[in-house]
Amino acid sequence: MPELPEVETIRRDLEPLVAGRRITGVEVDPATIHLLAGAPIETLRANLVGRTVTAIGRRGKYLMFSLDDGRVFVVHLRMTGRLVWRPHDAPAEQFQRAVIELDNGYDLRWADLRKFGTWRLHESVAEVIGKLGPEPIDDSLTLKEFRARLANRTAPVKAVLLDQRRFAGLGNIYVDEALYEARIRPDTPAGKVSPAATKRLFASSRSVLERGIENRGASFKDYVDGQGEKGSQHMHVQVFRRTGKPCYRCGSTIQRTVVGGRATHFCPRCQPKARVKAAPVG
């Protein structure tokens, strides 16, 4: 699933191309409309055609197209969604499901192999971000708040980091990378992470996302940017999808396990199992 760096890359690509443009048409594959938009095509057209996109924002993994009537058109790529900029007369994308036509001869083309992506119209940005936690790259997120969001949690630290209500934007790739950089085993109970390790994780959660943005996202399989090009972050990962390969830091074999239902990659030496204090006897 595209995570914060991938979605932010798409936002940066599309905003200068789309902001100020008027939507002149919307076409959706009839078999996809209810999965994608959750509404009839007539409703979608009535809400979008004639509207001007004033800006493109992002929160967590959501792209947010601000419209001139004050509402927000929200796109969630989920597992295999792609949103690319193309001329009207360009050939259809592979697995193309929908097209938003703009007033300057270009389209936003939506392709989605698995058909899990969604388009939703909201009355305000608050309806979207009100359900999300802070992003690790938010300047306003302090170490104290970061620590509080992990405190007293018995769930694995990886599962807590993946919870978008606690931290928006982190997904499987960047959580594995952040935990490796912080030298924390992914199945450690979040509330048992030491203060020193929490401080490292606070820094690594930000740094892995920033590097992902710098490298224009990770294209392990489906992700492409707003122009249809691949990113390069997948060439720089330390543990994610490196099962059986040597750790760059210590040479140990990278292992794969499952934490919170998600495939998880870690170095058993650099990320040792957390020590649990024995209960007092008598």
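These numbers were taken from a predicted model, which means no experiment stands behind them. Per chain, residues are indexed from 1 in the order of the written sequence. Reporting in this predicted model follows two pLDDT cut-offs: at least 70 for local features of residues, and 80 or more for side-chain atom pairs to be given and counted; totals over whole chains, interfaces and linings ignore these cut-offs and use all residues. The side-chain figures draw on all heavy atoms in the structure; neither hydrogens nor water molecules are used.

> Describe unusual backbone geometry, and please don't skip the residues or the numbers.
At N152, a position not held by glycine, the phi torsion is positive, near 65 degrees. Tracing the sequence through the fold places N152 in the loop between α5 (143–150) and α6 (157–162). Positive phi, close to 65 degrees, is recorded for R183, a residue that is not glycine. Looking at the element boundaries, R183 is found in the loop between α7 (172–182) and α8 (195–214). Residue class for R183 comes out partly exposed when judged on its relative accessible area of 41%. In DSSP terms, a helix is any run of H or I states spanning at least four residues, a strand is any run of E spanning at least two, and both are numbered starting from the N terminus. A simple rule labels every residue: compare its accessible area, found with a 1.4 Å probe on the protein chains alone, to the largest value its type can have, and call it buried under 20%, exposed over 50%, or partly exposed in between.

> So what's going on with the sheet that holds strand β3 (residues 62–67)? Which residues, and what values?
Strand pairing requires that DSSP identify at least two bridges connecting the strands. In space, the four strands of this open sheet follow the order β2-β3-β4-β8, with antiparallel pairing throughout. Looking at the sheet topology across the chains shown, the edges are occupied by β2 (53–59) and β8 (118–122). Direction aside, neighbouring strands of the sheet carry axes that sit 20 degrees apart on average. In this sheet, β3 lies alongside β2 in antiparallel orientation, the contact comprising six bridges. By the bridge assignment for β3, A55 is matched with S66. Throughout, a contact is declared for two residues whenever any of their heavy atoms are within 4.5 Å. What counts as an axis is a line fitted to C-alpha atoms, over the stretch in contact for a helix, and the angles between N-to-C directions run from 0 to 180 degrees. Contacts between helix α1 (residues 4–18) and the sheet are confined to β2 and β3, with β2 contributing the most and set at about 170 degrees to the helix.

> Quick one: what's the story with the packing of α7 against α8, residue by residue and with numbers?
Between α7 and α8, the shortest axis-to-axis distance is 8 Å and the interhelical angle comes to 135 degrees. Here α8 runs oblique to α7, going by the angle between their axes. Both α7 and α8 take part in a crossing whose hand is right-handed. Residues Y174, E177, A178, L179, E181 and A182 of α7 lie in contact with α8, whose contacting residues are A197, R200, L201, S204, S205, S207, V208, L209, R211 and G212. Three categories are distinguished: nonpolar for Ala, Val, Leu, Ile, Met, Phe, Trp, Tyr, Cys and Pro, charged for Asp, Glu, Lys and Arg, and polar for the others, with Gly belonging to the last. Residue composition of the contact of α7 with α8, grouped by class: eight nonpolar, four polar and four charged. Our angle categories are set so that under 35 degrees counts as roughly parallel, over 145 as roughly antiparallel, 65 to 115 as roughly perpendicular, and the remainder as oblique. Left-handed is the label given to a crossing in which the near helix is rotated counterclockwise from the far helix by less than a right angle, and right-handed is the label when the rotation is clockwise.

> Let's hear about the sheet that holds strand β5 (residues 81–87): which residues, and what values?
The antiparallel open sheet is built from four strands, whose spatial order is β1-β6-β7-β5. Looking at strand neighbours, the two that pair on one side only are β1 (23–28) and β5, the edges of this open sheet. Direction aside, neighbouring strands of the sheet carry axes that sit 20 degrees apart on average. Looking at chain direction, strand β6 (residues 96–102) and strand β7 (residues 106–112) are connected through five bridges and run antiparallel. The residue of β7 that forms the bridge with V99 is R109. Packed on one face of the sheet, α1 meets β5, β6 and β7 and runs near 35 degrees to β5.

> Residues and numbers for empty space enclosed by the protein, please.
Grid points spaced at 1 Å and placed over the protein atoms alone form the basis of the search, with a cavity being a set where a 1.4 Å probe fits but cannot get out and a pocket an open set showing protein on both sides within 12 Å along at least five of seven lines. Lining residues have an atom within 4 Å of a point. Grid points are joined across faces, edges and corners, and a volume is the space filled by probe spheres set on the points. Scanning all chains against the criterion turns up one cavity of 30 Å³ or more. Every residue along the wall of the largest cavity is listed here: V18, I23, V53, F65, L67, F73, I100, L102 and L108. Looking at the lining of the largest cavity residue by residue, the class counts come to nine nonpolar, no polar and no charged.

> Describe the layout of surface pockets, naming the residues involved and giving the relevant values.
The space that makes up the largest pocket amounts to roughly 470 Å³. Lining the largest pocket are 22 residues, and of these M1, P2, M79, D222 and R241 lie nearest its centre. Elements with a minimum of two residues in the lining of the largest pocket: α7 and β10 (262–266).

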